[in-house]
Amino acid sequence: MAATSVRVAAPGARPKLPGPLELSIRAFRCWLVMYRRTWRASIWSSILGPLFYLGAMGYGLGSLVDKHGTASLGGVPYVVFVAPAVLAAHSMNSGLSNAMFPVFGGIHWNKIYIAARATMLRPVDIYRGHLLFATMRIAMNAACFVVFLGAFGLIKSWWGVFLLPASVLLGVAFAAPIAAWAVTLRTQTPMNYVIRFGSLPLMLFSGTFFPLSQLPAWIRPLAYATPLWHGVALCRALCLGNVTLGAAAIHVGYLVALTAVGLWAGSRTYYRRLYV
Amino acid sequence: MSSRPVRSTSGGSGFSALPGARGIRLIERHARFYRRMWLVVASGAVEPLFYLLSVGVGIGGLIGTVTGPGGHPVPYRAFVAPGLLAVSALNGALNDSTFNVYGRLKFEKLYESVLATPLGAQDVALSEIGWAVLRGLLYSVPFLIVMAAMGLIASPWALLALPAAALVSFATAAAGVALTTYMKSWQDFEYVMLVSVPLFLFSGTFYPLSVYPNVVGVIVEWTPLYQGVVILRDLVLGAPSWDLLWRAAYLAAIGVAGLAVAGRRIAKLLLV
């Protein structure tokens, strides 16, 4: 019975596949359906988490820093210095948490990828659709935090309207390559190492909570090479309004390049892992 | 089968007759189980060290000195280190007593097998808490060694920091196991994060209570982590007082209450 209905739909010729964009959006919609039912579980960590950090570090610790003098911060109060960095670190974490365990789970836990493989979606559509969903989540988290920053008066310049796209770019620059990698994993342990030895040190040492001038000179080039530092520098310049186009172009270029490498790698790793 | 000893006579030696002492077998089971993944477990010890370097040394350079216990100015890194020691004791115990206990309870069905042996529900509670305390020590001992190497220990009273850190782990683990028995799904663990992250950030770990408005300070003083932070800070910086005994008693009370609740709940969930 099922066979006849297929015949009727496509007599003689093969059915025409929708375009790549349409296919990616179909994969994306699957995640959207799931999110609509489970969004409550992540609302606290995605909104309250960074506010806690802003309160404890920016305002609490900041009161001690400001007492000591803020010349090394460029003369701004510590909370103004740290707020855009918390935004950047939050975007990185959103990117990682949406592109690591859910990707691994798509193969090993809820097996959404395995189910999607049985449809007309190609591996690259599954990848792009999931990345689209991660981008949406990064943008939602970043938008909430940007609104808070504005409400607390921590955005000092009209350049601040670019904070949202900048932090989304940063999050995607992490999500695209990490998803490409996570799909290849056989066990979950390496992902814990990425958090412990990757994102945590990045968050702590990329010029987020203190200027890199506090680090020994020999280690600074390493910090300048990390994607989070570029994101932090970009967000901070946008927040404070001291944007120089050359520096901004380097930051954006670095993050775009990282995203592009991720997209290229993802189309290959997903194909290898999911093509039957 | 008929020769299998009944529960009351299973303990041959005097040691096994102690309440909960049989639970050492479950601790041994965990030690054997985690031997295969010791690196994952041990690498958790680096997290507080990263914080010590970043906040203590990095931000500390922007702060200089703060008022420590007894009103003496201390370098910020010496101020924050004992706070992070308390955090490492808390985190080590919390992760094991919540996520892992839940996994064993609901998915591995470990305790169902355990309760088919001479071990009882109270033994399970005691040994799970004991194991979590060991995990806490696994994180706090290396941290204490690094503190000593960085010259952040100012007094021989710091020798008592180890039992004090174990007390923090005990209170955390007992509360963690007790609360975990009420968890319904993994989503509920969002609440664990919702409690542990503010505890970590706001319990006087990073700055003295004087930063807060009075009302907030009073609330913070009742958090268990704050008590642990004060005990460890006063010991490490060499300004102990009789107050510390009250604070320790508070932590011990949380631990004992948690232990009692945990044992009863495990019995209720599994011994029908």
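I will try to describe carefully the structure that is included in this document. These numbers were taken from a predicted model, which means no experiment stands behind them.

This part takes up the overall build of chain A. What chain A contains, in helices and strands, is twelve helices and zero strands. The N-to-C order of helical and strand elements in chain A reads α-α-α-α-α-α-α-α-α-α-α-α. Burial analysis of chain A (276 residues in total) assigns 49% to the buried set. Taking the contacts inside chain A whose residues are at least 6 apart along the sequence as the reference set, 80% of them involve residues at least 24 apart. Summed over its atoms, the accessible surface of chain A is roughly 13,100 Å², and 70% of this surface lies on carbon and sulfur atoms.

Time to look at the interface of chain A and chain B. Residue-level contacts link 33 residues of chain A with 31 residues of chain B. Between chain A and chain B lies a buried interface of about 2,900 Å² when both sides are counted; carbon and sulfur atoms form 76% of it. Linking chain A with chain B are one salt bridge, by the criterion used here. Residues A:Arg196 and B:Glu47 are paired through a salt bridge, measuring 3.0 Å at the closest nitrogen-oxygen approach. The interface formed by chain A and chain B holds seven residue pairs in polar contact (both at pLDDT 80 or more) in total. Where the side of chain A that touches chain B is concerned, the elements lending two or more residues are α3 (40–68) and α9 (189–205) of chain A. Looking at which element gives the most residues to the side of chain A that touches chain B, the answer is α3(A), with 16 residues. For the side of chain A that touches chain B, the residue count by class is 22 nonpolar, ten polar and one charged.

Most often, soluble globular proteins have nonpolar side chains that are buried together. Ranked by internal contacts, the top residues of the largest apolar core, which has 165 residues, are A:Tyr53, A:Leu61, A:Tyr113, A:Phe209, B:Tyr51, B:Tyr76 and B:Phe206. Excluding residues within four positions of it along the chain, B:Tyr51 makes contact with A:Tyr53, A:Leu200, A:Met203, A:Leu204, B:Gly56, B:Leu84, B:Phe200 and B:Phe206.

This part takes up helix α12 (residues 243–270) of chain B. All names here are of chain B. For α12, built from 28 residues, the straight-helix expectation of 40 Å at 1.5 Å per residue is met to within 8% by its first-to-last C-alpha distance of 41 Å. Buried within α12 we find Leu 244, Arg 247, Leu 251, Gly 255, Gly 258, Leu 259, Ala 262, Gly 263, Arg 265, Ile 266 and Leu 270. At its buried positions, α12 is contacted by α5 (76–107), α6 (110–114), α7 (121–149), α8 (161–180) and α11 (224–236).

Okay, helix α4 (residues 46–63) of chain B next. Residue and element names in this part refer to chain B. In this model, α4 (18 residues) spans 24 Å end to end at C-alpha, consistent with the 26 Å of a helix rising 1.5 Å per residue. By the burial criterion, the buried members of α4 are Pro 48, Phe 50, Tyr 51, Leu 52, Ser 54, Val 55, Gly 56, Gly 58, Ile 59, Gly 60, Leu 62 and Ile 63. Downstream of α4 by one or two residues, Gly 64 has phi in the positive range, about 80 degrees.

All right, on to a nonpolar patch on the surface then. Together, A:Trp158, A:Trp159, A:Val161, A:Phe162 and A:Leu245 give the surface a local cluster of nonpolar side chains, amounting to about 650 Å² of exposed area. Counting through the fold element by element, A:Phe162 comes out in the loop between α7 (123–151) and α8 (163–182).

To continue, consider the packing of α3(A) against α4(B). The geometry of α3(A) relative to α4(B) is characterised by a closest axis approach of 8 Å and an angle of 40 degrees between their N-to-C directions. On the side of α3(A), the interface is formed by A:Tyr53, A:Met57, A:Leu61, A:Leu64, A:Val65 and A:His68, while α4(B) contributes B:Tyr51, B:Val55, B:Ile59, B:Gly61, B:Leu62 and B:Ile63. Per-class residue counts for the contact of α3(A) with α4(B) are ten nonpolar, two polar and no charged.

Here we come to unusual backbone geometry. Positive phi outside glycine occurs at A:Lys111, with the angle close to 60 degrees. Turning to its location among the elements, A:Lys111 is positioned in the loop between α5 (101–108) and α6 (112–117). The class of A:Lys111 is partly exposed, set by a relative accessible area of 42%. A positive phi is found at B:Lys109, a non-glycine position, where the angle reads about 55 degrees.

With that settled, consider the side chain of B:Asp96. All names here are of chain B. Structurally, the position occupied by Asp 96 is in helix α5. For Asp 96, the side chain forms a polar contact with the side chain of Trp 131, separated by 3.4 Å. Non-local contacts of Asp 96, meaning those with residues more than four positions away in its chain, are made with Tyr 34, Val 101, Arg 104, Glu 128, Trp 131, Ala 132 and Arg 135.

Opposite charge on two side chains permits them to pair, given that their charged atoms come into close proximity. Residues and elements named next belong to chain B. Summed over the entire model, instances satisfying the criterion amount to ten salt bridges over all chains. Measuring nitrogen to oxygen at the nearest pair gives 3.5 Å for the salt bridge that ties Glu 28 to Arg 25. Of this pair, Glu 28 and Arg 25 both sit in helix α2 (residues 24–35), separated by three residues, roughly a single helical turn. The structure contains a network of salt bridges with shared partners spanning Asp 96, Arg 104, Glu 128 and Arg 135.

Once that is clear, we can look at the packing of α5(B) against α8(B). Residues and elements named next belong to chain B. The geometry of α5 relative to α8 is characterised by a closest axis approach of 8 Å and an angle of 30 degrees between their N-to-C directions. Between α5 and α8, the interaxial angle falls into the category roughly parallel. Crossing of α5 over α8 shows right-handed handedness. Between α5, through Leu 85, Ala 86, Ala 89, Leu 90, Ala 93, Leu 94, Ser 97, Thr 98, Val 101 and Tyr 102, and α8, the contact on the second element is made entirely by Ala 161, Ala 165, Val 168, Ser 169, Thr 172, Ala 173, Gly 176, Val 177 and Thr 180.

On to the packing of aromatic side chains. Counted by the stated rule, this structure contains 29 aromatic pairs over all chains. For the ring pair A:Trp159 and A:Phe162, a centre distance of 5.9 Å and an interplane angle of 45 degrees mean the geometry is tilted. Among the residues examined, A:Trp159 registers a relative accessible area of 34% and is labelled partly exposed. The exposure class of A:Phe162 is partly exposed, given its relative accessible area of 45%. Ring centres of A:Tyr271 and A:Tyr275 lie 4.7 Å apart, and the angle between their planes is 15 degrees; on these two criteria the pair is classed as stacked. By the ring-pair criterion, three or more aromatic residues cluster together here, those being B:Phe99, B:Tyr102, B:Phe107, B:Trp186 and B:Phe189. The cationic tip of B:Arg135 hangs over the ring face of B:Tyr34; the distance from NZ or CZ to the ring centre is 5.5 Å. The ring of B:Tyr182 carries the charged tip of B:Arg265 above its face, separated from the ring centre by 4.0 Å.

Conventions and cut-offs
- Residues numbered from 1 in each chain as written.
- Chains lettered and ligands numbered in written order.
- Predicted model: local features only at pLDDT ≥ 70, side-chain atom pairs only at ≥ 80, totals over all residues.
- Heavy atoms only, no water.
- Helix = DSSP H or I, 4+ residues; strand = E, 2+ residues; numbered from the N terminus.
- Buried < 20%, exposed > 50% of the residue type's maximum accessible area, 1.4 Å probe, protein only.
- Contact = heavy atoms within 4.5 Å.
- Areas by Shrake-Rupley, 256 points an atom, 1.4 Å probe, with all protein chains shown as cover.
- Buried area = accessible area lost by both parts, 1.4 Å probe.
- Salt bridge = Lys/Arg side-chain N within 4 Å of Asp/Glu carboxyl O.
- Polar contact = N/O pair within 3.5 Å; in protein donor to acceptor, adjacent residues only side chain to side chain.
- Nonpolar A, V, L, I, M, F, W, Y, C, P; charged D, E, K, R; others polar.
- Core = buried A, V, L, I, M, F, W, Y, C linked by side-chain atoms within 4.5 Å.
- Expected span 1.5 Å × (residues − 1).
- Patch = residues over 30% accessible without salt bridge, like charges linked within 9 Å, V, L, I, M, F, W, Y side chains within 5 Å.
- Axes fitted to C-alpha atoms, helices over the stretch in contact; angles between N-to-C directions.
- Parallel < 35°, antiparallel > 145°, perpendicular 65-115°, else oblique.
- Left-handed = near helix turned anticlockwise from the far one by under 90°.
- Phe/Tyr/Trp six-rings, centres within 6.5 Å; stacked < 30°, edge-to-face > 60°.
- Lys NZ or Arg CZ within 6 Å of the ring centre and 35° of its normal.

Nothing here speaks to function; it is all geometry.
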